[in-house]
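Geometric and topological summary
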Amino acid sequence: MKRTIYLVVLSITLLFVACKKSDDKSDSEAKGLQVEIKGISGWGEFVNIRVDQNKTEVKYPAKPADITQTLKDKSYKTSEDTFRKLSSYVETYDLMNAKIDECARCVDGADYVITISSGDKKNTVTIAGQRTDGKYADVLDFISKL
C-alpha cells in the first residue's frame, strides 16, 4: 500500500516537473529567418516592415495632427510565396554577409535599412530607394508591394 502511494506521488511530481509551459514563440519563429525593413527619408522614418515565416507587419509612424494619415498599419499571415521570395533575395544577394551602406536620404532621397536575422546571425544593410543603375530593383519592387 505504501509503495502504491509512493509511486502515485512520484508520478504526479514527475508530471509537473517534466511538463513546462511553452512561450508564445514557436521554434521556427525564434530560429528562422526574420527581416525588418525601415524606410527612412530626409524627413525621418516613413515605414517599418517586419516579416518572418508566420507574420508580416507593416507600420507607419504617427504623423503630426495637422496631416491626415491615409496609410493604415497592417498585420497578416506571411504567404509561402512571399517568404520564399524574401529568402531567395537574402541568398541571391548574400544579404546576410553583405556590406551595403548607401545614403540616398542624404540628398533628399530615401533608403531602406534592412536588418536580417537568422538564429544567432544578424546583418544590417542600407539600400537606396531610388537607384538609377537597376541593381536591387527586384528587391525594392518586392518591398514596395509588402
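Let me begin by describing the structure that accompanies this report. (Residues numbered from 1 in each chain as written. Predicted model: local features only at pLDDT ≥ 70, side-chain atom pairs only at ≥ 80, totals over all residues. Heavy atoms only, no water.)

Here we take up the environment of Phe46. For Phe46, the position within the fold is in strand E2 (residues 44-52). Excluding its chain neighbours within four sequence positions, the residues that come into contact with Phe46 are Gly39, Ile40, Ser41, Tyr60, Pro61, Ala110 and Tyr112. (Helix = DSSP H or I, 4+ residues; strand = E, 2+ residues; numbered from the N terminus. Contact = heavy atoms within 4.5 Å.)

Moving on, we come to unusual backbone geometry. Negative phi is the rule for most residues except glycine; trans is the rule for most peptide bonds. Here Asp94, not a glycine, exhibits a phi torsion of approximately 50°, which is positive. Tracing the backbone shows Asp94 in the loop between helix H3 (80-92) and strand E5 (110-118). If you check the backbone angles, Tyr136 has positive phi at about 65° while not being a glycine. Summarising the element assignment, Tyr136 is placed in the loop between strand E6 (121-128) and helix H4 (137-145). Accessibility expressed as a relative area gives 8% for Tyr136, which makes it buried. (Buried < 20%, exposed > 50% of the residue type's maximum accessible area, 1.4 Å probe, protein only.)

Let us now look at the packing of H3 against H4. For the pair H3 and H4, the least separation of the axes is 11 Å and the interaxial angle reads 150°. The angle between the axes of H3 and H4 places the two elements in the roughly antiparallel class. Seen from above, H3 lies across H4 with left-handed handedness. Together, Thr82, Lys85, Leu86 and Tyr89 of H3 and Asp138, Val139 and Phe142 of H4 make up the contact between the two elements. (Axes fitted to C-alpha atoms, helices over the stretch in contact; angles between N-to-C directions. Parallel < 35°, antiparallel > 145°, perpendicular 65-115°, else oblique. Left-handed = near helix turned anticlockwise from the far one by under 90°.)

Let us now look at H4. Residues of H4 that are buried: Val139, Leu140, Phe142 and Ile143. Taken down its axis, H4 places every buried residue within 160° of arc, on the same side. Along H4, the residues that are exposed and aim more than 90 degrees away from the buried face are Ser144 and Lys145. Here the buried face of H4 lies against strand E1 (33-41), E2, H3, E5 and E6. (Arc of directions from axis to C-beta.)

Attention shifts here to the pattern of salt bridges. According to the stated counting rule, one finds 5 salt bridges in the structure shown. The salt bridge partner of Glu57 is Lys55, with a shortest N-O separation of 3.1 Å. Assessed through its relative accessible area of 38%, Lys55 is described here as partly exposed. Ionic pairing is found between Asp141 and Lys145, a salt bridge with its closest N-O pair at 3.1 Å. In this pair, Asp141 and Lys145 are both assigned in helix H4, 4 residues apart and thus about one turn of the helix distant. The class for Lys145 is exposed, based on a relative accessible area of 64%. Salt bridges sharing common partners tie together Glu36, Lys38 and Arg50. (Salt bridge = Lys/Arg side-chain N within 4 Å of Asp/Glu carboxyl O.)

One turn of the α-helix equals 3.6 residues, which is why residues spaced by three or four share an orientation. If you check H3, its first and last C-alpha atoms are 18 Å apart, about what 13 residues at 1.5 Å a residue would give, namely 18 Å. Structurally, H3 contributes buried residues whose contacts are with E1, E2, E5 and H4. Residue Asp94 follows H3 closely and has a positive phi angle near 50°. (Expected span 1.5 Å × (residues − 1).)

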